[in-house]
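Tertiary structure, described
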Amino acid sequence: MKINSISKINFKGYDAAPLKALHISSQWDKIKDEFKTICAQEQIELKESKFNGSYNQDLMLVLEKDKKPYALVSENVEFFEPFLPEIEKEYNMPVELTPLFDKSGGFISGGNFYLGKKADGEKFMLVGSSEQMMTNKNAISKRFDVKEENIYFIQQQDYHLDMAIRPIGYPYVLINNPEMVLKNENKARGIKTKSKPTLDKQSHKMLTYKTALEQLKQNGFVPIPIGAVYDANNATANFMNAIVNKHEDGSISYITNSSKCDDVRVSKYQKIFEKDLRKKLDELRKTDSNIPVLKEVYFISGENYGDSNEVMDNLVEGAGGVHCMSSEEPKFDIWV
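Okay, so let's go over this structure. Predicted model only: the values in this text are computed from it and were never measured.

Notes on the overall build of the protein
Looking only at helices and strands, one finds 8 helices and 17 strands in the protein. Counting only contacts in the protein whose residues sit at least 6 apart along the sequence, the fraction spanning at least 24 positions is 71%.

Here it is, written out as structure tokens:
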């Protein structure tokens, strides 16, 4: 997600994990109602706090110590310090405050990393390559309790990593393929063509996509290309900026941004994405039984703005989608 004027240090979230709670701001109206409905169905607690930001990934990250949660809050420490007891009471967990620009502490700006676990339980991190100029593996390792050899810098296709890739359970990672987007845009327009739509191989979109794809492969991940990021009516439809909940049976549910609006063509994007995602996972599972089963796909839209919706506009103007609006709290006691 992009940096906005309110908060300059942002945190990303987790690979597919069993979620205990999502922490959001109380300011959201229709978006919050949609979150509530989905969380009730997924048996996830929805926790609101007056200390949560509009884009709560910008404000806090729930980490673990001895399989118990604590909140890492990175903002203006002078502002939060007097309220620390109240914050801890609201979050019902210990809270650690950290300076806004303490890069020496291994902090990573924006939606620029994913934290997950390998099959053997070891933690790993996917980190946007731009962070190599801001911090180092040693500092990241200490802050997030991840071995340096399990920290992987990945080329960003967009401003931050979370705008174009989405892990769905190690080692599988969805990655936005710009040429697949072109194909789906034609499909939404009803244009049939025998030739495969292509982009200039030297364009920024294709170079960054190819680089990220190869880096994931080289580091032992299995990238799954899919069309997921669309420009639409001066707004953005982004299905990669998502929350993934892992169930006890190993299946997953996918919570992401909607493209539903009065524009029939744009509204088709989310249907095409869900169909493609289910088809891809089903096909891959024929040769790899470890591919997770996709149980539910949820799309959050907020208010209808005519030829766009609230979430689509926020992706452009407010710098983030539904994942950016929430902080994930995994069930650390069972997360493996």
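With respect to helix α7 (residues 264-285)
End to end, α7 covers 32 Å across 22 residues, agreeing with the expected 32 Å (1.5 Å per residue, within 8%). Residues V266, S267, Y269, Q270, I272, F273, D276, L277 and L281 constitute the buried set of α7. Of the residues that open α7, the one with a side-chain oxygen 3.0 Å from the backbone nitrogen of R265 is D263.

Notes on the sheet that holds strand β17 (residues 326-330)
Strand order in the open sheet formed by 3 strands is β2-β1-β17, with mixed pairing between adjacent strands. Each end of this open sheet is capped by a strand with a single partner; those strands are β2 (45-49) and β17. Neighbour-to-neighbour, the strand axes of this sheet turn through a mean angle of 25°, independent of strand direction. The strands that helix α1 (residues 30-42) touches are β1 (19-25), β2 and β17; relative to β2, the one it contacts most, it runs at about 150°.

Regarding the sheet that holds strand β8 (residues 151-154)
With mixed pairing, 3 strands are arranged side by side in an open sheet as β6-β7-β8. Since the sheet does not close on itself, it has two edges, and those belong to β6 (113-117) and β8, each with one partner. On average, each strand axis in the sheet is inclined to that of its neighbour by 20°, with strand direction left out of account. Sheet analysis places β6 next to strand β7 (residues 123-128), joined by 5 bridges and oriented antiparallel. In the sheet register, K117 faces β7, and the bridge partner there is K123. The sheet strands contacting helix α4 (residues 137-144) are β6, β7 and β8, and the helix crosses β8 at an angle near 125°.

Considerations on the pattern of salt bridges
Applying the stated criterion across every chain, the model contains 16 salt bridges. For the salt bridge of E34 with K30, the shortest nitrogen-to-oxygen distance reads 3.2 Å. Taken together, the residues span about one helical turn, with E34 and K30 both in helix α1 at a distance of 4 residues. In this structure E34 comes out as buried when scored by relative accessible area, which is 15%. Classification of K30 by relative accessible area gives partly exposed; the value is 35%. For the salt bridge of K47 with E329, the shortest nitrogen-to-oxygen distance reads 3.6 Å.

Structural notes on the environment of E88
By the element assignment, E88 lies in helix α3 (residues 84-91). Judged by its relative accessible area of 29%, E88 falls in the partly exposed class. Between the C-alpha atoms of E88 and Y70, which are 18 residues apart in sequence, the distance is 9.1 Å. The contact partners of E88, leaving out residues within four places of it in the chain, are M93, P94 and V95. Polar contacts involving the side chain of E88 include one to the main-chain amide nitrogen of V95, which spans 3.0 Å.

The rules behind the values
Residues numbered from 1 in each chain as written. Predicted model: local features only at pLDDT ≥ 70, side-chain atom pairs only at ≥ 80, totals over all residues. Heavy atoms only, no water. Helix = DSSP H or I, 4+ residues; strand = E, 2+ residues; numbered from the N terminus. Contact = heavy atoms within 4.5 Å. Expected span 1.5 Å × (residues − 1). Buried < 20%, exposed > 50% of the residue type's maximum accessible area, 1.4 Å probe, protein only. Polar contact = N/O pair within 3.5 Å; in protein donor to acceptor, adjacent residues only side chain to side chain. Pairing = 2+ DSSP bridges. Axes fitted to C-alpha atoms, helices over the stretch in contact; angles between N-to-C directions. Salt bridge = Lys/Arg side-chain N within 4 Å of Asp/Glu carboxyl O.

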